[in-house]
Every structure is written in structure tokens, then in C-alpha cells.
Amino acid sequence: MEITGQPKTAIQIPCCLCGTLITPNPANQCGTCLAQQFDLKSILQRGPSGGDLTIYQCRQCRRYQHTDSYFCHHDPESPSLLALCLKNIPALTSNHAHRSHGLSCLTLVDSMWIWTEPHSMRLKVRLTIRADVGESNRSVTVQQRVPIEFHVQWKQCVDCNREFTNRTWHAVVQLRQKRRDESKKALLLLESAIARNAEVRKHVLRADTSRNGFDFYFMELMHAQAFASYLSSVYPMKIKTAQKLVSEDRRNNTANVKTTTVCDMVPLNRYDLIVCDKRAAKDGCGPGRLNGRMCLVEKVSSTLQLVDASPSRTNLQDCFADLYPEKYWKGEKHFRIVFSEKRLVRFVVMDVELCHGGSGGNNEYEYDDGDDFHKNGNGKYALADVEVARESDLGVSEETFHCITHLGNLLEIGDVVLGYDLVSAVLAGADEWSMKNAFNSNFNVPDIVLVKKVKGGGAGSSSQQETAETEKMEKKEKSKSSSSKRREKRKQKQEKKMKDLADTLERMGFTGKEHSDESDQDEWNVEENNNDDGDLENDLKLASEYGAVVEGNLGGDYE
């Protein structure tokens, strides 16, 4: 204890309590007696209602409460957390709290942390306080170091309370893709896009899975519209908006309206073999030069890039066309899927010969003049006559097939390629009849349609995969024939659904874990979906565009 603020003189008087010689002061007491009479710790330790000092923290997000609606994150023993603790001491913020104890003024000189166990739910601070004892005109200044203890209590923040409470959302985005084979390839591609862009998913309150897609819930309508706009730039889709009136207050002219934004994805995936009906041109929804032909979906971004399944030997540029989502939904009945990626067969390249020449035709050297053609990523392709044989027929049969493909620059003798075998394929009678009536008169159905080259795969690897799948099927146990079989099925189905939901949210980055590109490539082969083109990767970097859309409030509605 040290008494400051009084001039040093040669005159000394004894303390009125203990008799110690001191410099004269208005209280005529020494510092020890003043410290026993005025306990600063009991004044500073008192809370707003007379109890202990309390700091509130959210159990879920670990943020500290500043006001009733504002919570902020602070590191342990940080200056910002120390400032929050000092603001929660009533004796330092109000004047009437300490006047009844004979103190006219309290001044904070210094503050520092005292180490405590991180799980003790306690925060300790050592304060250096300067207090004026007595009346303002005849006060005595006393300086003392006081330890203060804060109790940390749990209190749910506004954002976490909204997540754990039902019916708090105002807008939902329903992402759907309906296919007969129930393929999840396009949904996995969108999962990767959402996981790589933290700016897009920061406004998502909750995400649920459904049979054909996902449901994303938002607090504001403009955030839902911006999220749907971002999804449409990654994959072609049709966006529709519907509103439902929940409640209204006619006196205050307010209403509680929930908005549902439905994003219907085009049910075409990469490497799908489709038929473009020749009658699509009459409805104004044909794919241009590829109308009335069999096409292969070569690339998927905001539009679909189609390539002719049976191209001519003269012009490569005429083999490609873009299909916009507006045209697809306008004539959806004119586009039918013949085979999906599950029907791909492995072939071995026996011979490759590039298609050179042809009067007025473009080969691999002549189509360099088209700048727009190269911007679409088509400069790597070239027309070629290829002789292939089924990998399963090697050593068994000498049957080979000839076809024309756009992968001439990518194939070499001995490579393994994936393609569709139309020779041994069996279609229903109605489908075969409709296909023949959908083609132009100058179109010939090819025997083989080559799709892509297999990287790092040699002959015989498919048999090893089939053997592994067979062994895996044999290890499956048969279901028990008992009365509890239905209960076990329901339990397993529910556990599988919850596990799939947790895995999906983790892949999209909603669990707070960092996104790993290597694990994505191993689990669902995203790199294979986007190899040989960089357009989709450029489309994913839309954080700045997303922010601009949010600020602009997306002036129009989706129809």
C-alpha cells in the first residue's frame, strides 16, 4: 500500500490508529490502516446484482457475449478478451457503486492475466487500481493491486439458437436431379464446387439430403437467390420460385412468407450417350448441327457441350455443339439417354490413323484458325480412324471394330479406352423404333462410340476389379429369417441415412473441417469428371461475383 498525491514535508504526525509517524493527510491514517478500512477487492468483485462477476460464452460456437444479440470470438488470454472482462466490472463503469464505501473515484492503472486451467470455467485478472478516499477536496489517493475472478457460464447465441429451433428459416433452395438410373455423379460435382467456395456456404443455416438432391435453408431470400445463381453457373439447371404465406399482420402491414427456390438440374451427365430428335429443330430447341444425330455429352458447365457420336472425316468443328439449359427444358422430350456411364466397355486400340485431307475439310492442322473453337477447349481433339477390340475378347476372339472418333490426338496403339458397344447392346422394341425415327436420313449408327482414354490402366485390370467385386459380394451375410428382420432393416436404413448425411455435409465443408482435394479424388473421382478442361475450375472462383450479387439484392425473381 502506498499513499501518493501529497507533498513531502519535514512535519510528521502519528497515525490516529496505530501511532506510526506519517506525513499529514486528510484521513490522518497510515497506508496499512487505510487498506484495512477500505477493501477494494470486495468492491471490484461485486457483480451487477451483488453476486459474482460472470462472462457468458456459447457452448456450440465458443463465442463470448458482448450484448444481447452480439457474440464474438476471442482467443484465450487475449487483449480483446481482457477488454471484455473489464467492461463487465460494474465498479469501473458506474460511479454510484463505490461512493457508499467512502471512495470518490476509481481509476484503472494496469491489468494483466493470471493463468488458470482452461477447463476450470474461471478467468482471473490482476488489476492495479488507484482510488481517492474521502471527499473530493480533501481526498487521499491510494493505489492497490487486486486479483479479480470471473465465472464463465454457458449461454446459447442467437445464431446457434436459430439452428436448433425449427421453422426459423425464410428461404429454402431445393436442388434436384431426376434420372432413371439414380446416378449421383452431378450432385457429387456440385458438392465439390460448394466445398471449395466458403463464401457461398457461409449463409447456409442447415442442409438436408433427399432422394434426388439436397435442401439448403437460409435466413434471407437474397442469400438463397445468390446461392441458386452460383449453382446455375456450375451446372445447367432450371430455377423456379414459389412463395407460401405463413402468417400476416394487417394492422402493421407485415407478413411471414417462406420462399422455396427449386433448382432442376438437367438430367444429363458427362459421357452420357443421347439421341437428339430431328423434330427438335421445329420446336426451336435443337442443338444446331447435331440435330437428328446421336451425341455424346463431352463437357458439363453452365452449358452442355455435345460431340457427334459418328462424325464425318472432313470437318472436326462441325462435330461439336453447345446445348443451353433453356433449349433442353423447352424440348425435353426430344433428348433421350441411350446409355449412361455404367454401360462403358473397355477396348484396346489396335491401330490409329488420323483423318488427313478431304476437299474443303479441316484436319488436326487446319482447324487452328478458329479462335472461339480453341477457347472451348477443342484444340486437343482430332478426327481419326481407329481399330479397336474388346479387352475381354483378347486371346479368345479376333473380332475387331472400326470407328471414327474425335480422340485422335490422345490415342496410341496399345491404349485402353472406354466406349459404348452398340453391336452387342440390346434395346427395347419401342426404344429402337423411336431411335430410328429420330435420326436424319444421312446418319449411320456406329458400331462403337469411344468416350475417353483410361489413364494408368492396362489390359487385365478390369478382370481384377470384377474378382474383387465378386469376393465382396460373397462376404455379405444373409439377412436373418426372424421376426426382428424388419426392425433391423429400418435401423440399418436410418443409420445409413445419417451416415450419408454426415459424410455429405463434411464433403461440402459445413462441419468446419478443411476440404481435401486428394480425398475427393479417391472417393468420387472429381478430377476425372473435369480432366482436360479448365472452364469449370474457372467457374468455381466466383466469390467476388457472389458478393456483388448479394449487394445488388438480385433485382429480379426467377421464373
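Residues numbered from 1 in each chain as written. Predicted model: local features only at pLDDT ≥ 70, side-chain atom pairs only at ≥ 80, totals over all residues. Heavy atoms only, no water.

J.: Describe the sheet that holds strand β24 (residues 448-453), with residues and values.
T.: Here we have five strands laid out as an open sheet, ordered β22-β21-β20-β23-β24, and antiparallel in their pairing. Since the sheet does not close on itself, it has two edges, and those belong to β22 (401-405) and β24, each with one partner. Strand-to-strand twist in this sheet, taken as the mean axis angle between neighbours without regard to direction, amounts to 45°. Of the strand pairs in this sheet, strand β23 (residues 416-421) and β24 are connected by five bridges, and their pairing is antiparallel. From the neighbouring strand, Y420 faces β24, where its bridge partner is V449. (Pairing = 2+ DSSP bridges. Helix = DSSP H or I, 4+ residues; strand = E, 2+ residues; numbered from the N terminus. Axes fitted to C-alpha atoms, helices over the stretch in contact; angles between N-to-C directions.)

J.: Help me get a handle on the packing of helix α7 (residues 185-195) against helix α14 (residues 485-508), residues and values and all.
T.: Helices that pack against each other are described as a pair by the angle of their axes relative to one another and the distance between those axes. For the pair α7 and α14, the least separation of the axes is 7 Å and the interaxial angle reads 50°. On the basis of the axis angle, α7 is oblique to α14. In this structure, α7 uses L188, E191, I194 and A195 to contact α14, whose residues at the interface are T504, R507 and M508. Classifying every residue of the contact of α7 with α14 by side-chain character gives four nonpolar, one polar and two charged. (Parallel < 35°, antiparallel > 145°, perpendicular 65-115°, else oblique. Contact = heavy atoms within 4.5 Å. Nonpolar A, V, L, I, M, F, W, Y, C, P; charged D, E, K, R; others polar.)

J.: Give me the pairing of strand β20 (residues 345-354): which residues, what numbers.
T.: Taken together, the four bridges between β20 and β23 define a ladder with antiparallel strand orientation. When the bridges of β23 are listed, R346 appears paired with L418. Where β20 and strand β21 (residues 384-390) come together, seven bridges link them in antiparallel fashion. In the strand pairing of β21, V352 is matched with V386.

J.: I'd like to hear about the sheet that holds strand β14 (residues 254-265), residue by residue, with values.
T.: Here we have five strands laid out as an open sheet, ordered β11-β12-β10-β14-β13, and mixed in their pairing. For this open sheet the edge positions go to β11 (204-209) and β13 (237-249), each flanked by a neighbour on one side alone. Pairwise comparison of adjacent strand axes, ignoring direction, gives a mean angle of 15° for this sheet. With six bridges joining them, strand β10 (residues 171-176) and strand β12 (residues 213-218) adopt antiparallel strand pairing. In the strand pairing of β12, R176 is matched with G213. α7 contacts β10, β12 and β14 of the sheet and is inclined by roughly 35° relative to β12.

J.: Any chance you could break down the confidence of the model for the protein chain for me, citing the residues and the numbers?
T.: Here the protein chain averages 78 in pLDDT, while 75% of its residues score no lower than 70. When mean pLDDT is compared element by element in the protein chain, strand β5 (residues 64-65) scores highest at 94, while helix α11 (residues 371-375) scores lowest at 41. The low-confidence segment residues 357-361 (pLDDT under 50) makes four contacts with residues lying over four places distant or belonging to another chain. Overall, residues 474-479 carries pLDDT values under 50, and its contacts beyond four positions in sequence, including any with other chains, amount to one contact. (pLDDT = per-residue confidence, 0-100.)

J.: Please set out the pattern of salt bridges residue by residue, giving values where relevant.
T.: One pass over the structure, following the stated rule, counts 21 salt bridges. The salt bridge partner of R211 is E182, with a shortest N-O separation of 3.0 Å. You can see R211 sitting in the loop between β11 and β12 and its partner E182 sitting in the loop between β10 and α7, a full 29 residues away along the chain. Where K496 meets D500, a salt bridge forms, and the shortest distance between an N and an O atom there is 3.0 Å. Here K496 and its partner D500 are both found in helix α14, four residues apart, which amounts to about one turn of the helix. Through salt bridges with shared partners, a single ionic network connects R390, D393, E399 and D421. (Salt bridge = Lys/Arg side-chain N within 4 Å of Asp/Glu carboxyl O.)

J.: Break down the side chain of T128 for me, citing the residues and quoting the values.
T.: Position of T128 among the secondary structure elements: in strand β8 (residues 122-133). Note on T128: relative accessible area 10%, which makes it buried. Setting aside residues up to four positions removed in sequence, T128 forms contacts with T107, L108, V109, D110, Q143, Q144 and R145. (Buried < 20%, exposed > 50% of the residue type's maximum accessible area, 1.4 Å probe, protein only.)

J.: Please provide a residue-by-residue account of the packing of α7 against helix α9 (residues 221-234), values included.
T.: In contact at an axis separation of 11 Å, α7 and α9 are set at 125° when each is read in the N-to-C sense. Looking at the two axes, α7 sits oblique to α9. For the pair α7 and α9, the crossing hand works out as right-handed. For the pair formed by α7 and α9, the contact residues are L190, A193 and I194 on the first element and F227, Y230, L231 and V234 on the second. Looking at the contact of α7 with α9 residue by residue, the class counts come to seven nonpolar, no polar and no charged. (Left-handed = near helix turned anticlockwise from the far one by under 90°.)

J.: Break down α14 for me, with residues and values.
T.: Taking 1.5 Å per residue as the helical rise, α14 with its 24 residues ought to reach 34 Å, and the 35 Å between its terminal C-alpha atoms agrees with that figure. What α14 keeps buried is the set L501, T504, L505, R507 and M508. Downstream of α14 by a residue or two, G509 has a phi angle that is positive, lying close to 90°. (Expected span 1.5 Å × (residues − 1).)

J.: So what's going on with the packing of aromatic side chains? Residues and values would help.
T.: Inspection of every chain in the model, using the stated rule, returns nine aromatic pairs. Ring centres 5.2 Å apart and planes at 55° place the aromatic pair W169 and Y217 in the tilted group. With a gap of 48 residues between them, W169 in the loop between α6 (158-163) and β10 and Y217 in strand β12 connect regions that are remote in the sequence. The pair W169 / Y217 is uniform in exposure class, with both members buried. A centroid spacing of 4.7 Å and a plane angle of 50° characterise the contact between F439 and F443, whose relative ring orientation is tilted. F439 gets classed as buried once you look at its relative accessible area, which sits at 7%. (Phe/Tyr/Trp six-rings, centres within 6.5 Å; stacked < 30°, edge-to-face > 60°.)

J.: Account for unusual backbone geometry, naming residues and giving values.
T.: Positive phi is not limited to glycine here, since R62 has a value of about 60°. For R62, the position within the fold is in the loop between β4 (53-57) and β5. For R62, a relative accessible area of 41% corresponds to the partly exposed category. Of note, N253 is a non-glycine position whose phi angle comes to about 60°, a positive value. Here N253 lies in the loop between β13 and β14. Given a relative accessible area of 72%, N253 falls into the exposed group.

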